[in-house]
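Observations on the three-dimensional arrangement
Chain by chain, the residues run as shown.
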Amino acid sequence: GDSVTQMEGPVTLSEEAFLTINCTYTATGYPSLFWYVQYPGEGLQLLLKATKADDKGSNKGFEATYRKETTSFHLEKGSVQVSDSAVYFCALSDPPGFQKLVFGTGTRLLVSP
Amino acid sequence: NAGVTQTPKFRILKIGQSMTLQCTQDMNHNYMYWYRQDPGMGLKLIYYSVGAGITDKGEVPNGYNVSRSTTEDFPLRLELAAPSQTSVYFCASSYGTSGGTDTQYFGPGTRLTVL
């Protein structure tokens, strides 16, 4: 079945450091790929998405490129802020059919001043 | 526009008790979902609905029931609470566009403890 694998956390960085959170996937079809973020005490919210190979999703300084050849969708940010501290979830949906999301286990990011 | 709202925020149940987790969305979304999030794990789909009157099982439906009588509401029922149902429960909704590109909008969650 479909699955998403993320790097273990927590990832601890100083402010303005470069961030990479690795995500790889296994899918039977041609999935859409997502990054969701969960701030403390809140529900998940979409950070960015990509729907086909070589697409780059971007939002709030975060970027991820859909790499079909390596089945990866790594999240990057050039300069993190304390306010980026959160849990980041990689997810996929595998059409055709229903909009089921398959989530990775999440990676906690801690940014210190 | 409140988005997706869930009640209660917290609840402690005794083994064998029943309860209903409420979920309401005001975005006129067709699709609604219930997930559970266990510590250190990703979200698992419990049930989903593609429209009023239509529901189906997700990955972990045992011990739960749902109904969808209106577009806005999608309550989740626990009939006989067990410690294994201790989790954080998230409701979500989406338009239901084709091609798997939908954005799901999540509520703030309900933290449930079964003792």
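Now for a quick tour of the structure. (Residues numbered from 1 in each chain as written. Chains lettered and ligands numbered in written order. Predicted model: local features only at pLDDT ≥ 70, side-chain atom pairs only at ≥ 80, totals over all residues. Heavy atoms only, no water.)

1. Some details on the layout of surface pockets
If you add up the space inside the largest pocket, you get close to 720 Å³. Secondary structure elements with two or more residues in the lining of the largest pocket: β10 (86-93) and β12 (107-112) of chain A together with β9 (87-94) and β11 (110-114) of chain B. Among the elements that line the lining of the largest pocket, the one with the most residues is β11(B), at 4 residues. (1 Å grid on protein atoms, 1.4 Å probe; cavity = no way out; pocket = protein on both sides within 12 Å on 5 of 7 lines; lining within 4 Å. Points joined across faces, edges and corners; volume = space filled by probe spheres on them. Helix = DSSP H or I, 4+ residues; strand = E, 2+ residues; numbered from the N terminus.)

2. Details of the state of the cysteines
Tallied over the entire structure, the rule returns 2 disulfides over all chains. In this model, A:C23 is linked to A:C90 through a disulfide, with the two sulfur atoms separated by 2.0 Å. When the S-S torsion is -70 degrees, as for the bridge of A:C23 with A:C90, the disulfide is left-handed. Separated by 67 residues along the polypeptide, A:C23 in strand β4 (residues 23-26) and A:C90 in strand β10 bring together distant segments of the chain. In terms of burial, A:C23 and A:C90 fall into one category: buried. In this model, B:C23 is linked to B:C91 through a disulfide, with the two sulfur atoms separated by 1.8 Å. The sign of the -70 degrees torsion about the S-S bond sets the B:C23-B:C91 disulfide as left-handed. Pair noted here: B:C23 is in strand β3 (residues 19-25) and B:C91 is in strand β9, with a separation of 68 residues, a long-range link. (Disulfide = S-S within 2.5 Å. Buried < 20%, exposed > 50% of the residue type's maximum accessible area, 1.4 Å probe, protein only.)

3. Points about the sheet that holds strand β9 (residues 75-77) of chain A
All names here are of chain A. Across the sheet, 4 strands lie side by side as β3-β9-β8-β7; this open sheet has antiparallel pairing. Strands at the two margins of the open sheet, each flanked by one partner only, are β3 (19-21) and β7 (56-59). Shown here is a sheet whose adjacent strand axes are inclined to one another by a mean of 15 degrees, direction ignored. The pairing of β3 with β9 spans 3 bridges and is classified as antiparallel. Looking at β9, one finds that L19 is bridged to K77. (Pairing = 2+ DSSP bridges. Axes fitted to C-alpha atoms, helices over the stretch in contact; angles between N-to-C directions.)

4. Notes on the pairing of strand β1 (residues 3-6) of chain A
Residue and element names in this part refer to chain A. Only one face of β1 is buried, namely the one carrying V4 and Q6, since none of S3 and T5 on the opposite face is buried. Two elements, β1 and β4, share 4 bridges in a ladder whose sense is antiparallel. Across the sheet, residue T5 finds its bridge partner in β4, namely T24.

5. Some remarks on the side chain of B:S94
Residues and elements named next belong to chain B. One can find S94 in strand β9. Of the residues examined, S94 reaches a relative accessible area of 0% and is grouped as buried. Discounting residues that sit within four places of it in the chain, S94 has contacts with H29, N30, Y31, Y33, D102, T103 and Q104. (Contact = heavy atoms within 4.5 Å.)

6. Observations regarding the pattern of salt bridges
Here the structure, examined in full by the defined rule, presents 7 salt bridges over all chains. One salt bridge connects A:E63 with A:K56, and the closest N-O pair in it is separated by 3.6 Å. Under the relative-accessibility criterion, A:E63 is labelled partly exposed at 34%. Classification of A:K56 by relative accessible area gives exposed; the value is 52%. Close ionic contact of B:E79 with B:R77 constitutes a salt bridge, the shortest N to O distance being 3.3 Å. Overall, B:E79 belongs to the partly exposed group, its relative accessible area being 36%. (Salt bridge = Lys/Arg side-chain N within 4 Å of Asp/Glu carboxyl O.)

7. Structural notes on the interface of chain B and chain A
The interface of chain B with chain A comprises 24 residues on the first partner and 21 residues on the second. Here chain B meets chain A over a buried area of about 1,700 Å², counting both sides, of which 59% is carbon and sulfur. Connecting chain B to chain A are 0 salt bridges. Summed over the shared surface of chain B and chain A, the result is 3 residue pairs in polar contact (both at pLDDT 80 or more). (Buried area = accessible area lost by both parts, 1.4 Å probe. Polar contact = N/O pair within 3.5 Å; in protein donor to acceptor, adjacent residues only side chain to side chain.)

8. Regarding the environment of B:T113
All names here are of chain B. Inspection of the secondary structure assignment puts T113 in strand β11. The exposure class of T113 is partly exposed, given its relative accessible area of 27%. Once you skip the residues sitting within four places of it in the chain, T113 turns out to touch R11, I12, L13 and T86.

9. Observations regarding the sheet that holds strand β8 (residues 76-78) of chain B
All names here are of chain B. Strand order in this open sheet of 4 strands is β1-β3-β8-β7, and the pairing throughout is antiparallel. Each of the sheet's edge strands pairs with one partner strand only, and the pair in question is β1 (4-7) and β7 (64-66). In this sheet, adjacent strand axes meet at a mean angle of 20 degrees when their direction is disregarded. Bridging between β7 and β8 involves 3 bridges; their strand directions are antiparallel.

Any functional reading would require information beyond the geometric quantities listed.
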